[in-house]
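Structural description and commentary
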Amino acid sequence: QVQLVESGGGLAQPGGSLRLSCAASGSIRDIYVMGWYRQAPGKERELVASITGGSGTKYLDSVKGRFTIFRDNSKNTVTLQMNSLKPEDTAVYYCNAPIDAVSFVWSWGLGTQVTVST
């Protein structure tokens, strides 16, 4: 079972930037779609950004133009560059590989906390 380890979260001021990294313990080369998700307190987990093996990307409307997702199959990593952060970006961020809207290839990791506040 591949394990996912998210890192790079922390406290940022509004307008600031953070770079999140997801490291998989196994190969992601054959995984078509990798995604970054987030869950804020009292809310459902939502898909923030996804990237295909061909580097096609999709973003949640509220993060378009601010967040960028990358993947490096040689290092088994997926990165989320977050710029122009807003307080509403505060959440625990996770990565995973979606099979469909409710199923995922692997178990969830612990996530990384992102807090945007003055």
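So, a few notes on the structure that sits alongside this text. (Residues numbered from 1 in each chain as written. Predicted model: local features only at pLDDT ≥ 70, side-chain atom pairs only at ≥ 80, totals over all residues. Heavy atoms only, no water.)

**Examining the sheet that holds strand β7 (residues 67–72)**
- Read across the sheet, 4 strands follow the order β1-β3-β8-β7 without closing on themselves; strand pairing throughout is antiparallel. Looking along the sheet, the strands with just one partner apiece sit at the ends: β1 (4–7) and β7. Pairs of neighbouring strands in the sheet enclose a mean axial angle of 15 degrees, with direction left out of account.
- Pairing between strand β3 (residues 18–24) and strand β8 (residues 77–82): 6 bridges, direction antiparallel. In the sheet register, Cys22 faces β8, and the bridge partner there is Val78. (Pairing = 2+ DSSP bridges. Helix = DSSP H or I, 4+ residues; strand = E, 2+ residues; numbered from the N terminus. Axes fitted to C-alpha atoms, helices over the stretch in contact; angles between N-to-C directions.)

**Here's the deal with the state of the cysteines**
- Scanning the model with the defined rule gives 1 disulfide in all.
- In this model, Cys22 is linked to Cys95 through a disulfide, with the two sulfur atoms separated by 1.8 Å. In this structure the cystine formed by Cys22 and Cys95 twists about its S-S bond by roughly 50 degrees; its chirality is therefore right-handed. Taken together, the residues Cys22 in strand β3 and Cys95 in strand β9 (residues 91–96) connect sequence positions 73 residues apart. In this structure, Cys22 and Cys95 share a single accessibility class: buried. (Disulfide = S-S within 2.5 Å. Buried < 20%, exposed > 50% of the residue type's maximum accessible area, 1.4 Å probe, protein only.)

**Regarding the environment of Ala12**
- With respect to the secondary-structure elements, Ala12 resides in strand β2 (residues 10–12).
- Residue Ala12 is classed as buried on the basis of its relative accessible area of 6%.
- Once the C-alpha coordinates of Ala12 and Asp89 are considered, the two residues, 77 residues apart in sequence, prove to be 10 Å apart.
- In contact with Ala12, other than residues within four places in its own chain, are Leu18, Leu85, Thr115, Val116 and Ser117. (Contact = heavy atoms within 4.5 Å.)

**Brief notes about the sheet that holds β2**
- Pairing within the open sheet is mixed, and its 6 strands lie in the order β2-β10-β9-β4-β5-β6. The sheet is open, and its two borders are formed by β2 and β6 (57–59), each paired with just one other strand. Across the sheet, the mean angle separating the axes of adjacent strands is 20 degrees when strand polarity is ignored.

**Let's talk about the environment of Val2**
- Among the secondary structure elements, Val2 is positioned in the segment before β1.
- For the pair Val2 and Ser55, spaced 53 residues apart in sequence, the C-alpha to C-alpha distance is 22 Å.
- Look past the residues within four positions of Val2 in its chain and what remains in contact with it is Ala24, Ser25, Gly26 and Trp106.

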